[in-house]
Amino acid sequence: MIAHLKGRSATVLFNSNAITLSQRLGRALIDAGLDELRVSLDGTTPATYARVRGVDAFAKVVANLERFVEVKREAGASNPRVSLWFTGLRDNIEEIPALVPLAVRTGAAGIYLQRLVYNGLGLATKEQSLYGRLQEHEATLIRETERAARAAGLGFSASGAAAPEISLTPSHDDRPWSQCRRPWSLVYVTVHGNVLPCCIAPWITEYYDGIVLGNLYRQSLEEIWWGDRYLDFRTAIRTDVPPEPCRGCGVKWSL
């Protein structure tokens, strides 16, 4: 799939926990032309990683990434770029400064603070969210991480915002969800061909069929993109009553 897309001049990246990143698979990703490998790493100690991600695999993931550095070096390859993604929780934010030396150790080019989108399951709860409830100590940890990343030559950003601290600061707009540009810039396609407005919607909606804007097995992308469902969705997101999965965006978590 990666080689197919690269043959059509696409930029290709994906998220992974890197648990199964073997030497063979790593070389295959290089040969296929993958541009970026985004690794979900929500802790910088084995205990926190296991508590947040539900599997005791921290040492294995780090070892896999260290080996991948060697595989890339042997292949003389600069891609795929590796980045580490850290979902900020009340439970793990103390560990974010240690993400910088871990990134250096594992050959990552950048680190990202991922917002928590919660649905009440496991640690994905309102109580764990830092959005709109960032304390000075936590803000200090983020600033320390920014300084350390800069000194190490690493990028440090956030999903949904240019700067990590901004991603945890609520908008004061009356309709913050209306700032979302995803309905005009991208589509999210499931393995079943369903076209959804974004990757967040299926995790928080109570009515899955309501977020399906079309199906690529039955319609062309152009027909879906300019179809009534997509047009109605774009109209609704700019009103006081946005589509149901959009109502927490900019309110409960960042865009």
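Scroll up a little and you will see the structure.
This structure is a prediction, so every number in the text was calculated from the model and none was measured.

**Details of the sheet that holds strand 4 (residues 110-114)**
Taken together, the five strands give an open sheet; going across it, the order is 1-2-3-4-5, and neighbouring strands pair in parallel fashion. This sheet does not close on itself; its edge strands, each paired only once, are strand 1 (13-16) and strand 5 (155-158). Averaged over neighbouring strand pairs, the angle between their axes works out to 25° when direction is ignored. Relative to the sheet, helix 6 (residues 136-151) contacts strand 4 and strand 5, its axis offset from that of strand 5 by approximately 145°.

**Some words on the nonpolar core**
Ranked by internal contacts, the top residues of the largest apolar core, which has 39 residues, are Val39, Leu41, Val61, Leu65, Leu84, Ile111 and Leu113. Where this core is concerned, the elements lending two or more residues are helix 2 (23-32), strand 2 (36-40), helix 4 (58-75), strand 3 (81-87), helix 5 (99-105), strand 4, helix 6 and strand 5. Discounting residues that sit within four places of it in the chain, Val61 has contacts with Asn17, Ala18, Ile19, Val39, Leu41 and Tyr49. Membership of the second largest hydrophobic core comes to 13 residues, among which are Ala124, Ala201, Cys249 and Trp253.

**Let's talk about the environment of Tyr208**
As for its position among the elements, Tyr208 is in the loop between helix 8 (201-204) and strand 8 (214-215). With 149 residues separating them along the chain, Tyr208 and Ala59 place their C-alpha atoms 37 Å apart.

**Quick notes on the packing of aromatic side chains**
Per the counting criterion, the structure on display carries three aromatic pairs. Relative to Tyr112, the ring of Trp85 lies with its centre 4.2 Å away and its plane at 5°, an arrangement referred to as stacked. Remark: Tyr112 occurs in strand 4 and Trp85 occurs in strand 3; sequence separation between them is 27 residues. Judged by relative accessible area, which is 9%, Trp85 ranks as buried. Here the basic side chain of Arg181 rests over the ring of Trp184, its NZ or CZ set 4.4 Å away from the ring centre.

What counts, and at which threshold
Residues numbered from 1 in each chain as written. Predicted model: local features only at pLDDT ≥ 70, side-chain atom pairs only at ≥ 80, totals over all residues. Heavy atoms only, no water. Pairing = 2+ DSSP bridges. Helix = DSSP H or I, 4+ residues; strand = E, 2+ residues; numbered from the N terminus. Axes fitted to C-alpha atoms, helices over the stretch in contact; angles between N-to-C directions. Contact = heavy atoms within 4.5 Å. Core = buried A, V, L, I, M, F, W, Y, C linked by side-chain atoms within 4.5 Å. Buried < 20%, exposed > 50% of the residue type's maximum accessible area, 1.4 Å probe, protein only. Phe/Tyr/Trp six-rings, centres within 6.5 Å; stacked < 30°, edge-to-face > 60°. Lys NZ or Arg CZ within 6 Å of the ring centre and 35° of its normal.

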